[in-house]
Amino acid sequence: MPSPQTLATLRAFVAERDWDQFHSPENLAKSISIEAGELLECFQWSPAFDQEQVEAELADVVTYCIHLANKIGVDLDEIVVKKLESTKAKYPVELAKGRMTKYTKLTEAPE
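These figures come from a predicted structure and were not determined experimentally. (Residues numbered from 1 in each chain as written. Predicted model: local features only at pLDDT ≥ 70, side-chain atom pairs only at ≥ 80, totals over all residues. Heavy atoms only, no water.)

A. Representation of the packing of helix α2 (residues 25-41) against helix α3 (residues 51-72). Relative orientation of the contacting elements α2 and α3 amounts to 165°, with a least axis distance of 9 Å. As far as their axial angle goes, α3 and α2 are roughly antiparallel. Between α2 and α3 lies a crossing whose hand is left-handed. Facing α2, whose interface residues are Pro 25, Leu 28, Ser 31, Ile 32, Glu 35, Ala 36, Glu 38 and Leu 39, α3 presents Val 54, Glu 57, Leu 58, Asp 60, Val 61, Tyr 64, Cys 65, His 67, Leu 68, Lys 71 and Ile 72. (Axes fitted to C-alpha atoms, helices over the stretch in contact; angles between N-to-C directions. Helix = DSSP H or I, 4+ residues; strand = E, 2+ residues; numbered from the N terminus. Parallel < 35°, antiparallel > 145°, perpendicular 65-115°, else oblique. Left-handed = near helix turned anticlockwise from the far one by under 90°. Contact = heavy atoms within 4.5 Å.)

B. Representation of the environment of Asp 75 in the model. Locating Asp 75 in the fold gives a position in the loop between α3 and α4 (76-90). According to the relative accessible area criterion, Asp 75 is partly exposed, its value standing at 41%. C-alpha separation for the pair Asp 75 and Ser 86, spaced 11 residues apart in sequence, amounts to 17 Å. Of the polar contacts made by the side chain of Asp 75, one reaches the backbone nitrogen of Glu 78; its length is 2.8 Å. (Buried < 20%, exposed > 50% of the residue type's maximum accessible area, 1.4 Å probe, protein only. Polar contact = N/O pair within 3.5 Å; in protein donor to acceptor, adjacent residues only side chain to side chain.)

C. Region of interest: unusual backbone geometry. Look at Asp 18: it is not a glycine, yet its phi comes out positive at around 55°. As for its placement among the helices and strands, Asp 18 is situated in the loop between α1 (4-17) and α2.

D. Focus on the packing of aromatic side chains. Counted by the stated rule, this structure contains three aromatic pairs. When the centroid spacing of 5.5 Å and the interplanar angle of 75° are considered together, the rings of Phe 13 and Trp 19 count as edge-to-face. By relative accessible area, which is 37% here, Trp 19 ends up partly exposed. When the centroid spacing of 5.1 Å and the interplanar angle of 55° are considered together, the rings of Phe 43 and Phe 49 count as tilted. By relative accessible area, which is 32% here, Phe 43 ends up partly exposed. Its end group placed over the ring of Phe 13, Arg 17 keeps NZ or CZ at 3.7 Å from the ring centre. Cation over ring: Arg 17 sits above Trp 19, and NZ or CZ is 5.9 Å from the ring centre. (Phe/Tyr/Trp six-rings, centres within 6.5 Å; stacked < 30°, edge-to-face > 60°. Lys NZ or Arg CZ within 6 Å of the ring centre and 35° of its normal.)

E. Inspection of the environment of Ile 72 at higher detail. Within the fold, Ile 72 resides in helix α3. Ile 72 sits 47 residues away from Pro 25 along the chain, and the two C-alpha atoms are 7.0 Å apart.

Rendered as structure tokens:
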């Protein structure tokens, strides 16, 4: 996940501008959604995309995710691994490998 240097840089950036007062969990969640929409807009009409623009929008999404994790006191590495473990249980390799079937429809191995 983000390096200690990146986390320190983000925290300093927010502190210098006194923006933490605006970073409620609700506002941060809204911002993640808004920025994710802007990321999706990069692919709206074509699978071709502007690399620089995609990187900028992706950085915005990730930045707000980091801020939200910090605000609610969770470790990103920990919650990602925890979620991955629950997803593994829903999508066992023998049923899900090479398939994009929703876990509720995975009842037998592909032929």
